[in-house]
Amino acid sequence: MAPEAPWPKAPAIYQIYPRSFADSNGDGIGDLVGITARLEHVAGLGVDAVWLSSIYQSPWADGGYDICNHGAIHPILGTMEDFDALVAKAHGLGLRVILDQVLNHTSCEHPWFLAALAGDEAMAARYLFRDARLDGTQPNNWISQFGDPAWKWAHQRRQFYFHQFLQCQPSLNLRNPDVMAAHRDQLRFWQSHGVDGFRFDAASSYLWNEALANNPVASQWVREHNTGETFNPFAYQEHLHDMLPEASAHYAANLREWAGANSWLMAEMTVSIRSYEVAMAFCKSDRLNAAYTSDLPEGSASPATIADLLNRADPARTVKWLSSHDNPRHASGKPGEAAFLATLMAVLPGPWLIYQGEEWGLPQPDLAKDEVTDPFDLMYWPDGPGREGPRVPMPWDAEAPHFGFTDGKPWLPMRWNRAELRAVMADGGLADIYRDLLRFRREQAWDTAQVVRHDHGDDWLTLCLETNHGRVTAWFGWPGAAHPVTHEEAPLFSLGHDSGFRATICRDDSKGTVAA
Ligand code: TEU
Ligand code: CA
């Protein structure tokens, strides 16, 4: 049974990358039974839901985001029975379950794509195939988000096909009625297995300009603000035609219709120009609950980055996060910083996304080239930081061989620092601060929080918030910031570290005067 109460408005969601969470059978790869066995830890933090990164059948060319059967569990991760047991256990612990939905593309081993290659025209219409130009070159200048040309020659059809990510991830034509019907059925299938919500992968890339116009050269400004790293030529053009974020936002009304009013839906944005504006478009009333952009992690959650978020978006609709299976772990190891950043994410209104292991302050691991498997990292090695670091498996035990993740050999080397783990896993460690913050959000009705004023400098940020418990002032000081004079005899929450990362949250009885 799913938790009875409706979804909280600002859920805290714990992201699990299944291959790297917990291994139950000694093959060195995390699996569903392993996740189920560790759900008490997740529920014990006080989050509302778990989001499982892709669990479906896949050649794992892109870590599971290249799917060949969206209605079946990857056999290495487990069975449908294992999945049902996971959902039942989660629900019993009061956790809702969110699944990843990769609707934008399939694996090139998907039966639809194989049939298209074999000459089935109805199946080909589910993708984007186009003839070569007369000189044999690709139909236009589009570049994939991983940086190589967005067209790959399919000699079987004497045509190119379009892919926005890896060559083995052909993009789907989401306007095709057969694709739409299949996606609708797919969402309902997982709902029939108890799933409470979905995360939509790469949703801002869903649609493209059917006239296939060339993208213009990026202006200097666009180039600096484009998604992705400067070593990736994706940044060299303005992506006006290969992705239509506003039209994709409009399309999101279909997702709502298929999933129904009670499902909690969030989308990943892969645009960075107009990122928040597009995110807001995805969250209009008949569309999704929330969307997330990469502005916060890319801006290291600096005061200016937060102010930009508050100026451009309704924070209640944007997901707060700093690390993921694609983005490096944010803990730099500076004392006090991890707790400080967690407090900042917790205090901002709206959903909060916690990546597995950040409650233990895990740092970004170093990997050697011959240890890395992620195709994106290998393509650009040693330019980085790459995506494999945050996928290094979770430690569960500071003393055990392989840190209690597996009895076998972990699929990526685990070189966590045992002394540091002992400290963070002890009572009063970082995980306890996460528990306190999550309790604070519940007790203070953070679902109703709104920022009524904000102000910042290079090393400080003040937020004046209103919840239906009253008005609150939150002050954040990065190292070097002068502490403001506030009336804080009894702060609601405070965090002060010798290294200079300090935060104070207090009731603001003065109705809006923030001394900074
Ligand atoms: O990510 C989309 C995405 O654009 C990035 O996070 C991507 O990793 C980065 O731009 C590389 O520069 C989603 C998934 O989270 C990611 O794991 C998949 O590889 C990608 O979609 C394709 O499905
Ligand atoms: Ca396993």
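Computed from a predicted model, the values in this text were never measured in an experiment. (Residues numbered from 1 in each chain as written. Chains lettered and ligands numbered in written order. Predicted model: local features only at pLDDT ≥ 70, side-chain atom pairs only at ≥ 80, totals over all residues. Heavy atoms only, no water.)

### Some words on the overall build of the protein
Okay, step 1: Assigned secondary structure in the protein consists of 15 helices and 17 strands.
Okay, step 2: The globule rule puts the C-alpha radius of gyration for 516 residues at 24 Å, and the 23 Å found for the protein is close to it.
Okay, step 3: If one aligns the C-alpha atoms of the protein with their principal axes, the spans along those axes are about 75 × 50 × 45 Å.
Okay, step 4: When burial is assessed residue by residue, the protein has 59% of its 516 residues classed as buried.
Okay, step 5: For the protein, restricting intrachain contacts to residue pairs at least 6 apart in sequence, the fraction spanning at least 24 positions comes to 67%.
Okay, step 6: Summed over its atoms, the accessible surface of the protein is roughly 19,800 Å², and 52% of this surface lies on carbon and sulfur atoms. (Helix = DSSP H or I, 4+ residues; strand = E, 2+ residues; numbered from the N terminus. Rg over C-alpha atoms; globule rule 2.2 N^0.38 Å. Buried < 20%, exposed > 50% of the residue type's maximum accessible area, 1.4 Å probe, protein only. Contact = heavy atoms within 4.5 Å. Areas by Shrake-Rupley, 256 points an atom, 1.4 Å probe, with all protein chains shown as cover.)

### Things to note about helix α9 (residues 275–282)
Okay, step 1: For α9, the buried fraction is high: six of the eight residues fall into the buried class.
Okay, step 2: Along α9, the residues classified as buried are S275, Y276, V278, A279, A281 and F282.
Okay, step 3: Where α9 is buried, its residues meet α8 (245–259), β10 (264–268), β11 (290–292), α10 (295–298) and α11 (303–312).

### A word on the sheet that holds strand β2 (residues 49–52)
Okay, step 1: On the basis of which strands lie adjacent, the open sheet formed by seven strands has the order β11-β10-β9-β5-β2-β1-β12 and parallel pairing. Both edges of this open sheet fall to β11 and β12 (352–355), since each of them pairs with a single strand only. On average, adjacent strands in this sheet sit at an angle of 25° to one another, irrespective of strand direction.
Okay, step 2: Across the sheet, helix α15 (residues 430–443) lies against β1 (12–16) and β12, angled at about 165° from β12, the strand it touches most. (Pairing = 2+ DSSP bridges. Axes fitted to C-alpha atoms, helices over the stretch in contact; angles between N-to-C directions.)

### Comments concerning the pairing of strand β5 (residues 96–101)
Okay, step 1: A large share of β5 lies buried, amounting to six of its six residues.
Okay, step 2: Burial along β5 is two-sided: R96, I98 and D100 facing one way and V97, L99 and Q101 facing the other are all buried.
Okay, step 3: Pairing analysis gives four bridges linking β2 to β5, with the strands arranged parallel. Within β5, the residue paired with W51 across the bridge is I98.
Okay, step 4: Alignment of β5 against strand β9 (residues 197–200), held across four bridges, turns out to be parallel. Residue pairing in the sheet places Q101 in a bridge with F200 of β9.

### A look at the coordination of the calcium ion (ligand 2)
Okay, step 1: Binding of the calcium ion (ligand 2) to the protein goes through D23 (OD), N25 (OD1), D27 (OD), I29 (O) and D31 (OD), at separations of 2.2 to 2.4 Å.
Okay, step 2: Mapped onto the sequence, the residues coordinating the calcium ion (ligand 2) show the spacing D-x1-N-x1-D-x1-I-x1-D.
Okay, step 3: We classify D27 as partly exposed; its relative accessible area is 35%. (Donors = N, O, S within 2.8 Å, 3.2 Å for Na, K, Ca; no water.)

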